[in-house]
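Fold and geometry: a report
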Amino acid sequence: MDVQELRKEFTQLDEKVYGKPLVYLDNAATSLRPRGVVSKWVELSERYSANIHRAVHHISSIATEEYEHARETVAAYLNVSPGEVVFTSGTTASVNLAAFSFGEAFVGEGDEIIVSESEHHSDLVPWQMMCERKRAVLKVLEVDEEGRLRIDELGSMISRRTKLVCVTHVSNVLGLVNPIKAIAEICHSHGCRLLVDGAQGAVHGHPDLKDLDCDFYAFSGHKMYAAPGTGVLYGKKELLDAMPPYMGGGEMVGSVKWSGTTYAPVPLKFEAGTQNFAGAPTMVPAIRMLELMEDAEIERNIDEITAYLLEELPKIPGLRLYGIPGEAYGQDFRKIPLFSFSVEHCHHEDLALILDKMGIALRSGQMCAEPLMDRFGVTGMLRASFAPYNTMEETGYFLSSLKKAIKMLEA
Amino acid sequence: MKTLKERQDELVEEFSMFDDWLDKYEYLIDLGKNLEPFPEELKTDDRLIKGCQSRVWLDAEAKDGAIVFRADSDAIITKGIISMLISVYSGRRAEEIAGDDFSFVDRLGLKENLSPTRANGLVSMLETIRNIAQNNR
């Protein structure tokens, strides 16, 4: 399959902005959606709108089957069992659920949670909130100047009071793939658990959660080509069983009496209220798309883009790239096609505004990672994040436009 | 001194001369670069305008019955925008500023052509100027 063929599946790529072809380089914020996802979404909305898991009527059973089929598909893709896949509204909801319920079950006063310095606010603020509630201590695992996680320090940071380590699979700013399997080994050999924020990691590379052996894995549907408002919290069965529900109501119950309520088994215990029955099933065509992208030619294209930008971006005078791939601490930190950078004497917002008028959509600002901005001493960065449907031609246009924008600001 | 209306009309006409938005940005960048230097000691949190992606400081001083505005930003296009607003409102009486409906900004076409975060910043700038004028009446 070639890239032009792939592009036909993503109708938004034909959009024009200010009369110029849209060059969409904000994929890390949200991906575009292929036809298959949109048609599944529309089909469920137009023909099979019914509340799931409760009514006995025909339409409801179709909707329920679609929903549960999505759970099975996601589980198979991640190499876990369907009973370990909790549907949520996205990564943020997944982490909040984990933080609340894990905290209630396992965290007490004086216990410790470790989060990495490169976490998105969504894998940071929920832990701050939980630690405050439980009077637990939040500790920070740092990244080095290259943006590589200091996993050499992790073992000595974990104490007998450490209950959980939270790291991102791939930072939404640095774009480096963290060695999750090695981190899981360190955590488990020291008797604590590992939660992974997979918001970026679930899209780039095909995570095998059995192999990675993390205890929780959270991600969003909308960054992996599925409908917005969909997401997953994977958790090991014995942990999910031991955790109390996060929200009450709807079909998350066993039996409700004035004397007390029993809960449905996992995963329904964590799915209170009406679920996103039109959205969750779009994970099926989204996963088909991810599998389609595991194609030699498609992979070669995106690898070439990554290598080209790693070479060309640092040549621009005054440009600093954050997240440099390479070997460190006995691990190989690979780079996904995500490039955050700053340019001396050019404000990220000015660059983003000018590039926008050239048809290029990218991200500027703190990227929901304020502590990481402080770490590198900047008020914000510019980020170009690519997907397999982006072309080398777009990459070249982005580079020349960036140079032109810098010139406009310098002149 | 031109009336408020005259100055606004003049600015709208100047801005409409550029067909291309990149030219409009060039113009704003020039305005930003030529803005009178802002004293470092005035860059305090209470002068920061909230709601902008970049940092914008606005200082207001009452002088001979009028309000003199000075401003700065770490982003140059934003600095150009605030420079434009200052050229309209600085040196005018509080009553005159507070009585304005600020609709000339719509005529500039700025709001719809800036990203939502920037448009929010623009709205915050205008609100701050209006509030200062109302409090100084």
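Residues numbered from 1 in each chain as written. Chains lettered and ligands numbered in written order. Predicted model: local features only at pLDDT ≥ 70, side-chain atom pairs only at ≥ 80, totals over all residues.

1. What to know about the domain arrangement of chain A
Residue and element names in this part refer to chain A. For clarity, the cut-off: An automatic or database domain assignment is the source of the domain bounds shown. Two residues qualify as being in contact provided that their C-beta atoms, derived from the backbone, are within 7 Å of each other. Only Asp, Glu, Lys and Arg are considered charged, only Ala, Val, Leu, Ile, Met, Phe, Trp, Tyr, Cys and Pro nonpolar, and every remaining residue, Gly among them, polar.
Split into domains, chain A comes out as domain 1 (3-32 + 295-410) and domain 2 (39-287). With 25 residues of domain 1 at the interface, the matching set in domain 2 holds 29 residues. Considered class by class, the residues forming the side of domain 1 that touches domain 2 number 16 nonpolar, six polar and three charged.

2. As for the interface of chain A and chain B
The test is simple: Labels follow the DSSP assignment, with helices taken as runs of H or I lasting at least four residues and strands as runs of E lasting at least two, numbered in each case from the N terminus.
With 13 residues of chain A in contact, the opposing surface of chain B contributes 13 residues. Within the residue set of the side of chain A that touches chain B, elements represented by two or more residues are helix H12 (348-357), strand S18 (363-365) and helix H14 (392-410) of chain A. A total of six residues in the side of chain A that touches chain B trace back to one element, the largest contributor, which is H12(A). Partitioning the side of chain A that touches chain B into residue classes produces five nonpolar, four polar and four charged.

3. Comments concerning the nonpolar core
Which entries qualify depends on this criterion: Connectivity within a nonpolar core runs through C-beta atoms within 7 Å, and the core itself is a set of buried Ala, Val, Leu, Ile, Met, Phe, Trp, Tyr and Cys residues. We call a residue exposed when 12 or fewer other C-beta atoms sit within 10 Å of its C-beta, buried when the count reaches 20 or more, and partly exposed for counts in between; the C-beta positions come from the backbone.
Residues Ala98(A), Cys166(A), Cys214(A), Phe216(A) and Ala286(A) are the most contacted members of the largest nonpolar core, which totals 80 residues. In contact with Cys166(A), other than residues within four places in its own chain, are Ile113(A), Ile114(A), Val115(A), Glu119(A), Asp123(A), Trp127(A) and Leu195(A). In terms of nonpolar packing, the next biggest core, distinct from the first, is built from 73 residues, Leu338(A), Leu353(A), Met381(A) and Ile29(B) among them.

4. A closer look at the pairing of strand S1 (residues 56-63) of chain B
Within a regular beta strand, the side chains point alternately toward one face of the sheet and then the other, so they alternate between its two faces. All names here are of chain B. To keep it simple, the criterion reads: Here a strand pair is declared whenever DSSP counts at least two bridges between the two strands.
Relative to strand S2 (residues 66-73), S1 runs antiparallel, the two sharing eight bridges. Pairing of Lys-63 across the sheet is with Ala-66, part of S2. Hairpin connection from S1 to S2: two residues lie between these consecutive antiparallel strands, with Asp-64 at a positive phi of about 50°.

5. Some details on the packing of helix H2 (residues 21-33) of chain B against helix H3 (residues 76-89) of chain B
The geometry of a pair of packed helices is captured by two quantities: the angle between their axes and the separation between those axes. Residue and element names in this part refer to chain B. Where we set the bar: Only the stretch in contact is used when a helix axis is fitted, and all axes are lines through C-alpha atoms; the angle between N-to-C directions ranges over 0 to 180 degrees. Each angle is binned into one of four classes, with values under 35 degrees roughly parallel, values over 145 roughly antiparallel, values of 65 to 115 roughly perpendicular, and all other values oblique.
Here H2 crosses H3 at 75°, and the two axes come no closer than 7 Å. Comparing their axes, H3 and H2 come out roughly perpendicular. In this structure, H2 uses Tyr-25, Leu-28, Ile-29, Leu-31, Gly-32 and Lys-33 to contact H3, whose residues at the interface are Ile-76, Ile-77, Lys-79, Gly-80, Ile-81, Ser-83 and Met-84. Residue composition of the contact of H2 with H3, by class: eight nonpolar, three polar and two charged.

6. Quick look at unusual backbone geometry
The omega torsion of the bond from Val266(A) to Pro267(A) falls at 5°, within 30 degrees of zero and hence cis. Look at His53(A): it is not a glycine, yet its phi comes out positive at around 70°. Structurally, His53(A) can be placed in the loop between helix H2 (35-47) and helix H3 (58-78). Its 19 C-beta neighbours within 10 Å are what place His53(A) among the partly exposed residues. Here the phi dihedral of Phe102(B) falls at roughly 60°; this positive angle occurs in a residue that is not glycine. In this structure, Phe102(B) sits in the loop between helix H4 (94-98) and helix H5 (104-108).

7. Section: the sheet that holds S2(B)
Residues and elements named next belong to chain B. The strand order across the open sheet formed by three strands is S1-S2-S3, and the pairing between neighbours is antiparallel. Sheet topology places S1 and strand S3 (92-93) at the edges, where each strand pairs with a single neighbour. On the sheet, H3 packs against S1, S2 and S3 and is oriented at approximately 175° with respect to S2.

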